[in-house]
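Report on the structure
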Amino acid sequence: MRLHTVASADTAPPRPAVWRIRSWPVWGAFLVAVVLLLKLRWLDGQFDVGGMNRWKWLVNAGAALLAVCWTIPLGRRLRAAALAGIDAFLSLLMLADLVYFRNFRDFITVPVLMQAGQAADVEDSILSLLRPGDLALVADLPIALALAVRSIRLAGPHPASTPAKRLRERLLRSGLAALLAVSGWLLIAVPVQEQKEGWARGLFGGEWWNVPIYNVTGLLGFHGYDVYRFAREHGSGGSLSETELAEVRGWFAERETLRRASESAPLFGAFRGANVFVVQAEAFQTFVLGLTVGGREVTPSLNRLIETSLYFPNFYHQTAAGRTSDADFAANCSLHPAPSGSVFVRYADRSFDCLPALLGAEGYDATVHHAYEASFWNRTNMYRGMGYEAFFSLLDFEMDEPLGWSLGDKSFFRQTVERLKERDRQPFYAMTVTLTSHHPYKLPAGLQKLETGSLEGTILGDYLQAAHYVDEAVGELVELLKREGLWDNTIFVFFGDHDNSVTDWSLYERLFNRPLNELEREMLLKKVPLLIHLPGDAHAGVIGKAGGQTDIAPTLLHLLGIPAGGLHWAGVSLLTDEAKPVVFRNGAFTDGKVFYLPSPDGAAENGNCYLLPEGTETGAAACRPGAEEALRELAASDRFIRHDLKSRM
Ligand code: GP9
Ligand code: MN
């Protein structure tokens, strides 16, 4: 690498302009491009969602060229600063993407950045997601900075002394920059086009999952596409054609027919006018139920409660990047989460049919309780739109049990029941969202009551301790509701919001003492508990029907005897025999008979289809019609939300 110095400019014989173009920092631009390319390659290994192929090398190279080419015509000082800036910005973006991916199995998108104010709150989680090897992404930044500072300080007068020479050099540099820009563009456009005509057909229209899009575009290409997608969605170009509108109407009408079956089913209106108390439990998965660790039940209270409740062992969460907010939205408004970001954040201004407003119209006092910042997940705005009469958040609680992110669940439940007593309005709909069992699950030593043996000190061991605490909190809540005379006229619902993000399978294998195959891992991550306790322990038993969070609201309306036919919902009551699949955000689905897992490359023929309950793998063809149905369901839900279709149905 050669640096221009004042001395060389003054004393050396003038070199031809072409020679000067080859000198630093034109080469600096190439150096930064190569460094970016290597980092993108390393990052791809970390994501581990399909691996590098020649297409991905090409699109990454194209993106790296586009990132740096525009610096070539700049003056030397500006060029040096710009290159260091590009390296720093893109490296930090990659690091942020890596941390985000470890937590959410997704990439950062513009709507997620709109939630970025939450980053400070998840600081502990972020730190626990960083690994020493991640330094690879930022290790060169001090060198880049030092080189930039050195070159800025050493930069002397422009070596091309006459105006004509300067003009010629500027033209040459601009020409080179333009050539590299076109090459960079082609390096992206050709592979993307090739793949769009092959396995990635329909991928950019469906947008049900960011991972296959990343596999086509590479990381920087993905971000470029995401910015374009965001602009398109918020500009005028996103309107729906009449045919598409008719498709959405048709899909909702089909689902409506299934939902109307409730009205002639046995338990319709059997608990008309009862209170409803819902617990949405943070990161609470089904596998902890019935589990014994160190000779002790992890969830003794829930295990007992199940015996006197309706219990749904084949119940799944359907959340995506909006996590807690997605579960809340699915359970209360019976629609799917957004393909990226959170409906709470992106679409709080849209109209939905949500339980609080529906029950409010039936004379219920609908309140929501969550002991955290009211703005997190845009709750204040979203809850207002959902029709709650009141939202009790962090500042409404006395901090008498500081734990984890805020208040311990035990005190949270206690204060919530006190609040309901103060309001003294029945029937009530009380939605509670717990928090103590949030990632990274570390409870103070005094609250760790299980002997987790070889899992002690691991994240899974900590998770079991947190689940045990939550179980105790639920046990105390049930006792309190009984003491307050509320238990016998209340439908009590407990469900988990999403998985715990722990995907170190060696820990689970240590816990279960056996290896887990792909399907077992997926089911373990996707299954969350649902139990519904009815007044007088009525109808206690196990219901094997496969269900998801979008089925919670229709099931509750079924019990309360409120017709749900005309609502714009994806769910169906779990108390009817009407069959419909449980659809997941990535296009996976189960109908209780098969479980379909799409391939990260998005190609239907590469997906895995399993027969239930044995879990034996069968050809992808057996799941093909269901997989297409699943995409239809996601498209209908997405279009309804994005285009705010409630008033146009
Ligand atoms: C905080 C809580 C966060 O209000 O909802 O939970 P998360 O969405 O990170 O699972
Ligand atoms: Mn959550």
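Residue numbers restart at each chain and count upward from 1, following the sequence in its written direction. Chains and ligands are labelled by the order in which they are written, letters from A for the one and numbers from 1 for the other. The predicted nature of this model means local features are confined to residues of pLDDT at least 70 and side-chain atom pairs, given and counted, to a pLDDT of 80 or more, with totals for whole chains, interfaces and linings taken over all residues. The basis for the side-chain values is all heavy atoms of the structure; hydrogens and waters are excluded.

On to the pattern of salt bridges, then. Each reported salt bridge corresponds to a side-chain nitrogen of Lys or Arg within 4 Å of a carboxyl oxygen of Asp or Glu. Tallying each qualifying case throughout the model produces 34 salt bridges. One salt bridge in this structure joins K39 and D87, with 3.5 Å as the shortest N-O distance. Of the two residues, K39 is situated in helix α3 (residues 26-47) and D87 in helix α5 (residues 76-104); the sequence distance between them amounts to 48 residues. Since its relative accessible area comes to 6%, K39 is described here as buried. Accessibility here uses a 1.4 Å probe with only protein chains present; expressed as a share of the type maximum, an area under 20% marks a residue as buried, one over 50% as exposed, and anything in between as partly exposed. For D87, a relative accessible area of 3% translates into the label buried. Among the salt bridges present, the one from K39 reaches D140, with a minimum N-O distance of 2.6 Å. Placement of the pair is K39 in helix α3 and D140 in the loop between α7 (123-129) and α8 (141-154), with a sequence separation of 101 residues. The same class applies to K39 and to D140, which are both buried. Look at the salt bridges and you will find they share partners, linking D365, E389, R423 and R425 into a network. Elements are defined by DSSP. Helices are runs of H or I of four residues or more, strands are runs of E of two residues or more, and each kind is numbered from the N terminus.

Right, let's get into the packing of helix α13 (residues 300-307) against helix α19 (residues 459-483). Here, axes are lines fitted to C-alpha atoms. For helices the fit covers the stretch in contact, and angles between N-to-C directions go from 0 to 180 degrees. Running from N to C, α13 and α19 point in directions that differ by 50°, and their axes come no closer than 7 Å. Accordingly, the angle class assigned to the pair α13 and α19 is oblique. When α13 is examined against α19, the residues P300, S301, L302 and L305 are found in contact with a partner set consisting of H468, D471, E472, V474, G475 and V478. Under the convention adopted here, Pro, Cys and the residues Ala, Val, Leu, Ile, Met, Phe, Trp and Tyr are nonpolar, Asp, Glu, Lys and Arg are charged, and Gly plus all remaining residues are polar. Looking at the contact of α13 with α19 residue by residue, the classes come out as five nonpolar, three polar and two charged. Any angle from 65 to 115 degrees is called roughly perpendicular, while one under 35 is roughly parallel, one over 145 is roughly antiparallel, and all others are oblique. What makes two residues a contact is simply this: any of their non-hydrogen atoms within 4.5 Å.

Turning our attention to the site of ligand 1. As a structural note, the neighbourhood of ligand 1 is formed by E282, R323, T324, H370, Y372, F376, W377, R379, W405, L435, H438 and H498. Here a polar contact is recorded for every N or O atom pair within 3.5 Å, except that within protein the pair must consist of a potential hydrogen donor and a potential acceptor, and residues adjacent in sequence are included only if both atoms are side-chain atoms. Between ligand 1 and T324 there is a distance of 2.7 Å, counted from an oxygen atom to a side-chain nitrogen or oxygen. H370 places a polar side-chain atom, nitrogen or oxygen, 2.6 Å from an oxygen atom of ligand 1. Summarising the interface, the protein chains cover 96% of the accessible area of ligand 1, which totals 300 Å² for the free molecule. Grouping the constituent residues of the shell around ligand 1 by class yields five nonpolar, four polar and three charged. Proximity is defined per residue: if any heavy atom of the residue lies within 4 Å of a molecule or strand, that residue is considered near it. Working definition of accessibility: Shrake-Rupley area with a 1.4 Å probe, residue cover restricted to the visible protein chains.

Bringing the environment of F412 into the picture now. One can find F412 in helix α18 (residues 409-423). The sequence separation of F412 and A473 amounts to 61 residues, and the corresponding C-alpha distance is 9.0 Å. Excluding its chain neighbours within four sequence positions, the residues that come into contact with F412 are H369, H370, A371, F397, L407, T432, V433 and T434.

Our next topic: helix α20 (residues 505-512). All of the buried residues in α20 are W505, L507, Y508 and L511. Here the buried residues of α20 occupy an arc of 155° about the axis, which is enough to place them on one side. N513 occupies a position one or two residues after α20 and carries a positive phi of about 65°. The arc under discussion is defined with respect to the helix axis, by the directions toward the C-beta atoms.

Moving on, we get to the coordination of the manganese ion (ligand 2). Angles at a metal have ideal values that depend on geometry: 109.5 degrees with four tetrahedral donors, 90 or 180 degrees with six octahedral donors. For the manganese ion (ligand 2), the full set of protein donor atoms is E282 (OE), E282 (OE), T324 (OG1), D497 (OD) and H498 (NE2), at a range of 2.0 to 2.7 Å. We call an atom a donor if it is N, O or S and sits within 2.8 Å of the metal, or 3.2 Å for Na, K and Ca. Water is not counted, so some sites may look partial. Geometry is assigned from the angles between donors: four donors with all angles from 85 to 135 degrees make a tetrahedral site, four or six donors whose opposite pairs exceed 155 degrees while the rest stay between 65 and 115 make square planar or octahedral sites respectively, and everything else is labelled irregular. The site at the manganese ion (ligand 2) holds six donor atoms, and with the angles between them running 53 to 164°, its shape is irregular. Site description for the manganese ion (ligand 2): donor spacing in sequence, E-x41-T-x172-D-H. On the criterion of sequence distance, the pair formed by E282 in the loop between β1 (275-281) and β2 (292-293) and T324 in helix α14 (residues 323-333) is long-range, its members being 42 residues apart. There is no split in this pair, since E282 and T324 are both buried.

This part takes up the sheet that holds strand β18 (residues 608-611). Ordered by their spatial adjacency, five strands build an open sheet running β15-β16-β17-β18-β19, and the pairing between neighbours is antiparallel. For this open sheet the edge positions go to β15 (582-583) and β19 (616-618), each flanked by a neighbour on one side alone. Against the sheet, helix α21 (residues 518-526) contacts β17 (594-597) and β18, and its axis sits at roughly 95° relative to β17. DSSP-based pairing: two strands are paired if at least 2 bridges between them are found.

One less than the residue count of a helix, multiplied by 1.5 Å, gives the span that helix is expected to have. For helix α23 (residues 624-642), which comprises 19 residues, the first-to-last C-alpha distance of 27 Å matches the rise-based estimate of 27 Å (1.5 Å per residue) to within 8%. Those residues of α23 that are buried lie in contact with α12 (242-260), α14, α15 (343-346), β15, β16 (589-590) and β17. D644 sits one or two residues past α23 and shows a positive phi near 50°.

A word on the pairing of strand β11 (residues 490-496). Taken across its seven residues, β11 has seven buried, putting it largely inside the fold. As defined by bridge partners, β1 adjoins β11 across seven bridges and the pair is classed as parallel. When the sheet's bridge partners are listed, F277 is paired in β11 with F492. By the bridge criterion, four bridges tie β11 to strand β12 (residues 530-533) in an arrangement that is antiparallel. Looking at the pairing, F492 lines up with H533 of β12.

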